[in-house]
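Now for the letters of each chain:
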Amino acid sequence: MIIKKLKRTSFKKSKSTMIGGLVDYILAEDDDNGKGKLAFAGSRNFLTTTVAVQKREMISLAEESIQSKMPVTHWILSWQENEQPTREQVDEAVSLFLRGMGLAEHQTLYALHKNTGNYHLHIAVNQTHPYTQKVIQPHRGFDIEAAHKIIAEIEHKQGWASQMNARYRVNEQGYVVKNLQRREQVKPKPKAEDFESATGEKSAQRIAQERGHAVIQNASCWEELHAGLDAVGLRFSRKGSGAVIFVGDTAVKASSVDRNFSMSRLCKRLGEFKPGYYSQRTFSKPTPEPVSHLCREEWEEYQQERQRLAEERRLNEKKQEEERETLERRQKERREAATVRLARHGLFILNIARHFLKKQERQEKAALREQQVQSEQTQRLPRFKHWLGKRSPHLGNLWRFRKRIAPGVEVRKREFPRVGTLASPYATYREMVKKRFPEKMDESRLDAAIALYMRCAGYTRQEVASELYRHAPARPVGQNRDERIEYGRRAVWYAFGTAGDIDIANVQPTEEDIQRFNKEANSIAQKEIESARCKVRLR
């Protein structure tokens, strides 16, 4: 599972507007494209029962906290592609989250969304206590670290898969402990990762981390630090009481590269700060680098398109400036002509003319500004992942899963020969998968693994979907027909989609491997038949 806290970045809107917009977004039935997104929703600790009144109740309590600019926090919990939580599991996850944060008595609205490849849960919790009206800071502000512990607990209790490099895990005794197998790696902040997702190129923060981390960490004096950074095209400088690393003309906080690289900590290690002397090349903007080895040719084409649009934008800005100057010059000439023509009629008439001319000029400027804004919008290039997805949905999905694909791993749409001969293979494959994966596993993860194994045995997409629809165990509260179809559709989408292709590419099953597990499935099926015959004879 993944957990993310969305921070409020703008305080131009009022608390009521922000909270109302957040609640409306979370509980909306459809997304911006008209696609249904709301699987189900719930609430906690409200005096009322209707959504509209609960929203006003949350806003009213939040406005009681004068010192807090935004007491309502927004969290997102996301499951993997092969995981489908039930309503009971979502309710339990919310309870564990609120308890772990110390917010079990606080107003909470939550909703499970299904409009993406991953089920994801939005939680809006009011940190203002409903009785004391004090704003609670969970874990003294270190709530991100606590959230990762809660995620480990939810994964262990409900049988979800942990993310690669997860911070915490649950040990054999049932305690949440640090994941000692986790490889500590320096990675950019979310804002820098958003830039990389939008453009497909490395952010300045990532470049500073990749090129400068080892240099700064191994430097024994300021001279060695400056010389090492100069050699890799970076430069180190003091800024106020802190320090920044320049990647071309872009400044990156040194502490964002590594917490140990703050000015105070470096001065303790290297002595009093000494400025360095850098070559001219460190001041020039570095050549863009792709953030992933995937879709390299498409990324280069995208960069060319960006450069073309940037040049068009530059020319368009120049043209717009000329249009504004032309309009101002024409308006000035008109004012001067009107002044000369109407001056003989007296100051009263002249002031009336000036008033209407001023009003006309404002309208002309507004019309020109609107025209220019519309022309700018038509020239905008979409984010790289959207641009790539329009060209090829397969490439778009590969880019989405790029962190799972190691260099050298070939991901392709494999067609497997039909080796499975069972008429109704679900129960047999279920038994085989459970033997191979004895750890606790949620039913949806288990069904997704069954679908993947059936694909490797050569069963078609329709056959797998039919087996899941007929034989997969019903969810705790039961499922109607549409929900059951949706459940099977998502499991099949994983097994026959890009996520399944990646899992197959990482394992690289050979024909011998497939024949081996198919023989195992046939053996299990034969034992079940013999067991059923024995029961009939005993009767």
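Scroll up to find the structure.
Student: Just to check I follow, could you spell out the overall build of the protein for this structure?
Tutor: Scanning the protein from terminus to terminus reveals 19 helices and 10 strands. The globule rule puts the C-alpha radius of gyration for 539 residues at 24 Å, and the 31 Å found for the protein is more than 25% above it. Taken along the three principal axes of its C-alpha coordinates, the protein extends 120 × 65 × 55 Å. For the protein, the residues scored as buried account for 43% of the 539 residues in total. Of all intrachain contacts in the protein linking residues separated by at least 6 positions in sequence, the fraction that spans at least 24 positions is 70%.

Student: Just to check I follow, could you spell out the sheet that holds strand S4 (residues 108–113) for this structure?
Tutor: Each strand in a sheet pairs with its neighbour through backbone hydrogen bonds, running either in the same direction (parallel) or in the opposite one (antiparallel). Strands sit in the order S1-S3-S5-S4-S2 across an open sheet of five strands; the sheet is antiparallel. The open sheet terminates on both sides in strands that have one partner only, identified here as strand S1 (2–6) and strand S2 (38–44). Averaged over all pairs of adjacent strands, the angle between strand axes in this sheet comes to 15°, irrespective of strand direction. Contacting S1, S2, strand S3 (72–78), S4 and strand S5 (120–126), helix H3 (residues 87–101) runs over the sheet at an angle of about 40° to S2.

Student: Would you take a moment to explain the packing of aromatic side chains for this structure?
Tutor: We describe a pair of aromatic rings using the distance from one ring centre to the other and the angle between the two ring planes. For the coordinates displayed, the defined rule picks out 11 aromatic pairs. Considering the side-chain rings of Trp222 and Phe273, the 4.9 Å spacing of their centres and the 85° angle between planes classify their relative orientation as edge-to-face. Taken together, the residues span a long stretch of sequence, with Trp222 in helix H7 (residues 222–231) and Phe273 in the loop between helix H9 (263–270) and helix H10 (296–342) at a distance of 51 residues. Residue classification places Trp222 among the buried positions, given a relative accessible area of 1%. Each residue in the set Tyr302, Phe384, Trp387 and Trp399 is aromatic and connected to the rest through ring pairs, giving one cluster. Lying across the ring of Trp399, Arg402 places its NZ or CZ 4.4 Å from the centre. Here Arg490 stacks its cationic end above the ring of Tyr119, 4.2 Å away from the centre of that ring.

The rules we used
- Residues numbered from 1 in each chain as written.
- Predicted model: local features only at pLDDT ≥ 70, side-chain atom pairs only at ≥ 80, totals over all residues.
- Heavy atoms only, no water.
- Helix = DSSP H or I, 4+ residues; strand = E, 2+ residues; numbered from the N terminus.
- Rg over C-alpha atoms; globule rule 2.2 N^0.38 Å.
- Buried < 20%, exposed > 50% of the residue type's maximum accessible area, 1.4 Å probe, protein only.
- Contact = heavy atoms within 4.5 Å.
- Pairing = 2+ DSSP bridges.
- Axes fitted to C-alpha atoms, helices over the stretch in contact; angles between N-to-C directions.
- Phe/Tyr/Trp six-rings, centres within 6.5 Å; stacked < 30°, edge-to-face > 60°.
- Lys NZ or Arg CZ within 6 Å of the ring centre and 35° of its normal.

So yeah, pure geometry; function would need other evidence.
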